[in-house]
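The lines below spell out each chain.
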Amino acid sequence: MAEDKGFGDKLKGAVSKGKGELKDQVGNATDDSRLQAEGKKDKAKGDIQDKVGDFKKDFNK
């Protein structure tokens, strides 16, 4: 998958963002600040992975 041109990173980013949003919402609903913080961290990680995917896509043009 060396020629995925950043698709793998963008996919990982989407999964991390989705997982983070779910944790954030469950933490909010259950008043669990630890779970909310984990969710925010996962969303930030997803944003970074998404940007890495964009960079790889642009770099490999």
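Scroll up to find the structure this text is about.
Below or above, wherever it landed, is the structure these notes cover. It should be emphasised that the depicted structure is a prediction, and the values quoted were computed from it without experimental measurement. (Residues numbered from 1 in each chain as written. Predicted model: local features only at pLDDT ≥ 70, side-chain atom pairs only at ≥ 80, totals over all residues. Heavy atoms only, no water.)

Looking at helix H1 (residues 7-30)
Phase 1 of the analysis: The terminal C-alpha atoms of H1 lie 34 Å apart, and with 24 residues this matches the ideal 34 Å at 1.5 Å per residue to within 8%.
Phase 2 of the analysis: Those residues of H1 not exposed but buried are Gly8, Asp9, Gly13, Ser16, Gly20, Asp24 and Gly27.
Phase 3 of the analysis: Buried residues in H1 make contact with helix H2 (33-59).
Phase 4 of the analysis: Positive phi appears at Asp31, one or two residues downstream of H1, with a value of about 60°. (Helix = DSSP H or I, 4+ residues; strand = E, 2+ residues; numbered from the N terminus. Expected span 1.5 Å × (residues − 1). Buried < 20%, exposed > 50% of the residue type's maximum accessible area, 1.4 Å probe, protein only. Contact = heavy atoms within 4.5 Å.)

Details of the pattern of salt bridges
Phase 1 of the analysis: Inspection of the entire model under this criterion finds 11 salt bridges.
Phase 2 of the analysis: Residues Lys43 and Glu21 are paired through a salt bridge, measuring 3.0 Å at the closest nitrogen-oxygen approach. Of this pair, Lys43 sits in helix H2 while Glu21 sits in helix H1, and the two are 22 residues apart along the sequence.
Phase 3 of the analysis: For Glu21, a relative accessible area of 34% corresponds to the partly exposed category.
Phase 4 of the analysis: Residue Asp42 pairs with Lys23 through a salt bridge whose shortest N-O separation is 3.0 Å. (Salt bridge = Lys/Arg side-chain N within 4 Å of Asp/Glu carboxyl O.)

With respect to the environment of Gln36
Phase 1 of the analysis: Within the secondary structure layout, Gln36 lies in helix H2.
Phase 2 of the analysis: On the basis of relative accessible area, Gln36 is assigned to the buried category, the value being 19%.
Phase 3 of the analysis: Each C-alpha atom of the pair Gln36 and Gln25 lies 7.2 Å from the other, and the pair is 11 residues apart in sequence.
Phase 4 of the analysis: Sequence-distant contacts of Gln36, that is, excluding residues within four places in its chain, are made with Lys23, Asp24, Gly27 and Asn28.

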